[in-house]
Structures are given as C-alpha cells and as structure tokens.
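Geometric and topological summary
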Amino acid sequence: EIVLPPKRLQAIPTPFNLAYSSDGRFLYVSYVTPAASFGVLDPAKSTVLSEIDTAGCMLVIPSGPARVASLCESGRLLTVTLDPQGHEAARSMSAPFFDADRDPVFVQGIQTARGFAFLSFLGEVHEIDLTGAEPVFAAPWPLLGAGEREWRPGGSQVGAIHRATAKLFVPMHRGGEGTHKDGGTELWVFDLASHTRVARWPLKAAGLKPVIAIEVSQDAAPVVFAAAADGNDSADLAIIDAGSGHIRHVQRRVGRTPWQLRTP
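First, a word on scope: everything that follows refers to the structure included in this document. What you see is a predicted model; the values in this text were computed from it and never measured.

Focus: the pattern of salt bridges
Per the stated rule, a full pass over the model turns up 11 salt bridges. Between Glu150 and Arg174 there is a salt bridge, with its nearest N and O atoms 2.7 Å apart. Of the two residues, Glu150 is situated in the loop between β13 (141-142) and β14 (151-153) and Arg174 in strand β16 (residues 167-174); the sequence distance between them amounts to 24 residues. One salt bridge connects Lys167 with Asp191, and the closest N-O pair in it is separated by 3.5 Å. Of this pair, Lys167 sits in strand β16 while Asp191 is found in strand β17 (residues 186-191), placing the two residues 24 residues apart along the sequence. Given the relative accessible area of 23%, Lys167 is considered partly exposed. In this structure, a network of salt bridges that share partners links the residues Glu148, Glu186, Arg197 and Arg200.

Given below as structure tokens:
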C-alpha cells in the first residue's frame, strides 16, 4: 500500500491515469485538484518521492526509464525528465501537434513499437516517437477515404495495435459532432507502414452491440478483445481473430460500470 497525499484524478480509466516507468522503478499517478500535476512513487519502497506540476497538462505517458509526457489543451506535449531520486531535472514543451478546437485527440493513446499513436475525433492518426529525449511527431494521416466523412472513431478505448505486424484496429461508426463516445458498428484494420485500410469487418451484422473498447494480444496468433455495450445493458466480450475477423466467441453480460446504471 502506498498512501497518497489528498489528491486524485476521478475519470474514466485510461492507460495514462496510472503508469509505470519502462524499467518499473517509478510509478506515476495523475492528480487533478483541480490544478493538474502528477505524483512520482517508488513502488519498491512504497513511498511518495515527489509531485510534478504540469501547468495544466494532463495524464502520465511514460517514455523511457525517467521521462514522463503529458497532453496539453494547447495541442502540445509536455516532457518532464526526472533525476535518480524521482525529482524533476528538466522539462520541455513541444510545438502543437493537433488543433484542440478543430479536431481534438482522444486521450486514450495506443502503444506503438516506438511510442504512442493518438486518434482524433475526425479520424486522423498522430504517431509520436518517444524513444529519444524529445518527442518526434510524424505527419498525421487519415483513417477515412473519399466519401467516408460520415464515419468516426469512438468509444472509451478507441484503438489497438499489434506491434509485431504494425496493424491498427479501430471501431468505427456513422456519426457527426458529439458522437466520439459512441461505439463502433464496424472494425476497421489499417497497416501502419502504408497508412492504408486492409480490412473492414461489420460487427452489427454479426450480432454484436456497438464496440466501445478494444485490445489486441501481442502473440504470433493475435486475437482482438472487444467490449460491446448498448445503452444501459451489461457489456458483452467478443473474441475476434485478428487475421480474419472471424468472431470466435462472445461472452454475454460480463458486467457493467456504475456510470451506466440508471435509477428507475
């Protein structure tokens, strides 16, 4: 048990509310009090080492054994470098890599072989290389082709990447402004190297509810795990072959989260 100061982040879970450094030495925890900051913990000694003010930037995105990045509402990325004692040694702020007013990104980043990819509400992919001291931003590329502007990514975990084959899986739905939390009625598969869609799998036609969160296994025969829910119903869990799109199994009513419940 590690006793935290009277601070916390109360939000839907993301991979960046709580995260380990790459070597497991540090544990980072996001705070919103409402000022934004994060705590640096020593999990081996169960102690709090420091608190880092992030000047309004949110979440903890680990990059290397002693670097942490946070997303800023200006579209920039803050990078903080720590010393061996877990205190701030340096920080830098990137140029904007997305326009938060025109096309914000989902905060649920997807791990790549060299960093993370962030999807935007309108379907652009922003890949960030975090292997160096400073982040390197690739040119964004679109999920959508000609005549597909009515399609949008959405949900609470909006994509998954099988890193060995560089395949990106995204649940997509037809929608407009304000539908970024809607689940996908189709699962689209993209090749990260060529930035092209290689498969498109209908989910509704297969009897699945809209997919609100996905993950993919990282083995040589990967499967996609898709959480599917509609309204106030309990979520189903679908197991999908990542190569063919064949639905191997659906476990019905695996659970629901408290925010989905309504009082009669």
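Some words on the state of the cysteines
In total, this model carries 1 disulfide according to the counting rule given. With its sulfur 2.0 Å from that of its partner, Cys57 forms a disulfide with Cys72. Here the S-S torsion is close to 100 degrees, and the disulfide linking Cys57 with Cys72 is therefore right-handed. Taken together, the positions of Cys57 in the loop between β4 (47-53) and β5 (58-62) and Cys72 in the loop between β6 (67-71) and β7 (77-82) put the pair 15 residues apart, joining distant regions of the chain.

Definitions and cut-offs
Residues numbered from 1 in each chain as written. Predicted model: local features only at pLDDT ≥ 70, side-chain atom pairs only at ≥ 80, totals over all residues. Heavy atoms only, no water. Salt bridge = Lys/Arg side-chain N within 4 Å of Asp/Glu carboxyl O. Helix = DSSP H or I, 4+ residues; strand = E, 2+ residues; numbered from the N terminus. Buried < 20%, exposed > 50% of the residue type's maximum accessible area, 1.4 Å probe, protein only. Disulfide = S-S within 2.5 Å.

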